[in-house]
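Here is what each chain is made of, one letter per residue.
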Amino acid sequence: MSSEPTAIDVWEALLDPQGDFSLPDFSAVTPDTLSTAARAATDFALAEVEHIVTDDADPTFVTTTVRFESATVPMARLAALVRTIESNHLTPELTDAVAEVWVRLSATRTEMLLGVDLFHRIEQVPVTDLNPEDKRHQELTVENFVRAGARLGEEDRAHMATIEAELTALSTSFSRALGTDTRELAVHLGEADELKGLSEDQIAAAASRAGERDESGYLLGLNNFTQQLVLGPLESAATREHVLRNSMARGARGGDGDTRAQVSDITALRALQAKLLGYPSYSSYAIDNQTAGGPDAAADIVSSLIAPANAQLAAELDTVRDRYGLDEIAPSDVMHYLAKYRQDEFGINPDEVAQYFEFDTVLTDGVFFAATGLYGITFAPAEGVVGWHDDVRAYEVTDVDGRTLGLILIDPYARDTKRGGAWMDQLVPASRLTGDLPVVTLSLNLAKPGPGRPTLLSPTELTTLFHEFGHVLHGLFANSTYPSTAGTSVPRDYVEFPSQFNEMWRFHPQVLPHYAKHVETGEPMPESMVSSLIAGEDFGQGFSTIEYLAAAMLDLSWHSLEAGEHITDVLSFESEVLDASGFSPLVPPRYRTTYFGHIFASGYAAGYYSYLYSEVIAAWVSEWFESQGGLNREAGEAFREAILAPGYSVDPMTAIEKFFGVRPDVAPLLRRRGLAEPVEETSPETGDPTPAPKHHANNTRIAEILTDNGIEPQITVFSEATPTAASAAEKVGVDVGAIANSLVFSAGGDPVLIMTSGAHRVDTDHVASLIGVDSLDRADKDLVRAATGQVIGGVAPIGHPAPIPTFIDTALRDFPVLWAAAGTPQSMMPLTYDQLVTLTGGKEIAVVADES
């Protein structure tokens, strides 16, 4: 009789390679095999740690740090497998086993990272002779231990272990409850008339989904975000209200699907965790090692866009009210009327547009085509590869030199066992240490059409596909030694940049004609339709920006709680945050707290701002590629090697600055979202458009200086002067504190330039003592003109006949985008704080005494 299989036997069965890839055998996944594999992986890791700790020889990088990395590989591989199952096809029989695996993996990871003997060995590893990648890996490993609490005292380490275990259980509970409520709140409709406006395929998919549950009528499943895509085309106001009501009710109805208790406990425990580690809040802890560097910078980039986005939203709502004679508009109607206006104004009929976006054609002749054109890689169906569901399709990727690069598993369709939204994951990260080729997954939630029917994409779904494929490329191109720093294993506020950049190809003239062909006739999309799509994209940016900003502000607010704060009335806290920040009640957050899975179940805690932060880089890089001719193979391969391939084995922003020669600025982002374009002005007498204001010679001079310093000039010229900070702030739609005033003072007759926030008045006595002069007096107009070549109200920080001693108000650091005069009272330009300091060579000071 054969003996019972050992833990290692089961582990090897689960990870039995399929072909050239270390692809798990999904057919072997059962509750028992998952549990046994978890024991095998964790026992192996702990045994390896014991060997490291008890080694009598002096610790070396290979025998200590690299061995620890290798010890954790099976756990990481199992975690990736469980993530894939949990998010794509979590059947009821696997639910408890998945939760148990997470508990075991989390507890083992915590035990290792809080082990003082292991940490002591790793800290002793000499770094003098290490190459740059190994030295960085050593530093990151030490940092991971420190951030986990390895330097805490024994009692606090025990407390941290308890907190980690509780957080793991709560996160799993949140995810399970949200899945339950999302399924239960799918909108059940009895009559076809209630779905009027949806396409034939959407209605058929709703009927099929109801049938799968043995229900009559139609079932509209809910995506993970608030604004369901069907709200655009649905003609019935009652149905729209029903859909939005159900969407927003998730997690807040009581019963098994309620997530409020988990939210309260998770945020309180994270605040306590941060305090133990020496941080005032969890957001301070979480963002400390991100690209932004701190919660204030993250909050500022969010808050700085609220006013201009609200202004744009108000204009959009006024437009649709006027167009359709609406006295009032309900939150459930906003998406509908924005879509209706796009259709009426730009001729964008969603059903007609979708006929040109057939999924398989978009994938092969659009997404794959763009990747081939830019990077030289090719794609082919992978024969014999079995995924976690029959819907999964596999593609083998070949590099430009003919070698196999990796494998992509694509799961396009929605189902009850799958969470909402769209995502990419690294099922197997590429690594020189393990020798593994990358296996990446791409999951969507498209409505599955009936037999023989094509899968058609909306413009939003088209964008999502290109976006997620940017992540896929990031994972495929991974070229790191260590799996923990490979591919998309980078800071949260950087990881979205490659995906946002990849969106640029969806409507690009070098790409779109290859895939935008009518599903029945094969005719290319008419130029008029292409132009309308692109023009119509800008309308509704205020709406989409506000719903995103509201969610990002909720995330930062929940994670700004201090230790001891335990918010039990979750919805009241949410309302207070949104009201205080000035968000419109007509546009609920993209995610309400109770179904904000990104931050309570998916690793984005205090990191949802990252989409906007990453977009700064993505918008800049997109314009750089346009300057290189679009699909330029040489530029693409250089970008791949320098930016995408290293993952976190190099500092991301250092790699960006080294490759491009400058740090990306905010101008392309403002342009991309339409938040900084001058509004066409009209004559008050005739109502006719006024001639565009002309650039002054001072503007030209300043533009040249900006260009010489690697900054793209974005000088806006108005028809009226903006001589005060308040008028300037109103004109560009920002907080008055973000206005960088150029104030010229006289120090015994010599000019001194002080760049101060528009929210401050200069304490001249205080500043005089700081800079070592007897007194400071405001310069008269003659001194200002002589020193700067410009007039009061229009003084720029640069462009002067000769250098002027310059001092910069440190309060300006609080704003990611500053606006300064550009040489005349009618012109302004955006700069970052760092750019202002660099351009002026100014000394940073506090201009009021109580901030020194």
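Since the structure is predicted, the reported quantities are computational estimates derived from the model, not experimental observations.

A. Up close: the environment of T91. For T91, the location among the structural elements is in the loop between α3 (61-88) and α4 (92-113). Exposure remark for T91: the relative accessible area of 13% places this residue in the buried category. Put simply, T91 and A822 are 731 residues apart on the chain and 61 Å apart in space, counted from C-alpha to C-alpha.

B. Up close: the confidence of the model for the chain. Per-residue confidence for the chain gives a mean pLDDT of 90, with 94% of residues at or over 70. Per-residue pLDDT stays below 50 along residues 677-685; that stretch engages in 15 contacts with residues further than four places along the chain or on separate chains. Counted against residues more than four places away or in other chains, residues 689-694, with its pLDDT under 50, gives 10 contacts.

C. View of helix α25 (residues 633-644). Taken together, the buried positions of α25 are A635, G636, F639, R640, I643 and L644. Around the axis of α25, the buried residues are gathered within 135° of arc, so they sit on the same side. Along α25, exposed side chains directed more than 90 degrees from the buried face belong to E634 and E641. Where the residues of α25 are buried, they touch α16 (359-375), β5 (404-413), α17 (459-476), α18 (492-502), α24 (610-627) and α26 (652-660). Capping the start of α25 is the job of one residue whose side-chain oxygen sits 2.9 Å from the backbone nitrogen of E634: N632.

D. Spatial organisation of the sheet that holds strand β3 (residues 378-381). If you walk across this open sheet you meet the 5 strands as β3-β4-β5-β7-β6, and the pairing is mixed. Among the strands making up the open sheet, the edge pair consists of β3 and β6 (423-428). For this sheet, the mean angle separating the axes of adjacent strands, direction not counted, is 25°. As paired strands, β5 and strand β7 (residues 439-446) are joined by 6 bridges and run parallel to one another. In the sheet register, I410 faces β7, and the bridge partner there is L442.

E. The arrangement of the pattern of salt bridges in detail. Scanning all chains against the criterion turns up 29 salt bridges. In this structure, E48 engages R67 in a salt bridge whose closest nitrogen and oxygen atoms are separated by 2.8 Å. Here R67 lies in helix α3 and E48 lies in helix α2 (residues 31-54), a separation of 19 residues in the sequence. In this structure, a network of salt bridges that share partners links the residues D391, D411, R415, K418 and K448.

F. Spatial organisation of the nonpolar core. Among the nonpolar cores identified, the biggest contains 200 residues, and F357, F469, F497, F501, Y515 and F639 are the most heavily contacted of them. Those residues within four positions of Y515 in sequence are excluded, and the remaining contacts are Y356, F357, T361, V362, D365, G366, L462, F466, R506 and F507. Counting residues in hydrophobic clusters, the runner-up holds 43 residues, among them V29, A38, M75 and W102.

G. Up close: the packing of aromatic side chains. Taken as a whole and assessed by the stated rule, the structure comprises 38 aromatic pairs. Centroid distance F26 to W388: 5.4 Å. Interplanar angle 70°. Geometry classified as edge-to-face. Here F26, found in the loop between α1 (7-14) and α2, pairs with W388, found in the loop between β3 and β4 (393-398); they are 362 residues apart in sequence, far enough to count as distant. Taken as a pair, F26 and W388 share a single burial class, namely buried. One aromatic cluster in this structure is built from Y494, F497, F501, W505, W620, W624, F625, F639, F659 and F660. Above the plane of the ring of Y282 lies R270, whose end atom (NZ or CZ) is 5.6 Å from the centre. Sitting over the face of the ring of F225, R590 holds its NZ or CZ atom 4.7 Å from the ring centroid.

Procedures and definitions
- Residues numbered from 1 in each chain as written.
- Predicted model: local features only at pLDDT ≥ 70, side-chain atom pairs only at ≥ 80, totals over all residues.
- Heavy atoms only, no water.
- Helix = DSSP H or I, 4+ residues; strand = E, 2+ residues; numbered from the N terminus.
- Buried < 20%, exposed > 50% of the residue type's maximum accessible area, 1.4 Å probe, protein only.
- pLDDT = per-residue confidence, 0-100.
- Contact = heavy atoms within 4.5 Å.
- Arc of directions from axis to C-beta.
- Polar contact = N/O pair within 3.5 Å; in protein donor to acceptor, adjacent residues only side chain to side chain.
- Pairing = 2+ DSSP bridges.
- Axes fitted to C-alpha atoms, helices over the stretch in contact; angles between N-to-C directions.
- Salt bridge = Lys/Arg side-chain N within 4 Å of Asp/Glu carboxyl O.
- Core = buried A, V, L, I, M, F, W, Y, C linked by side-chain atoms within 4.5 Å.
- Phe/Tyr/Trp six-rings, centres within 6.5 Å; stacked < 30°, edge-to-face > 60°.
- Lys NZ or Arg CZ within 6 Å of the ring centre and 35° of its normal.

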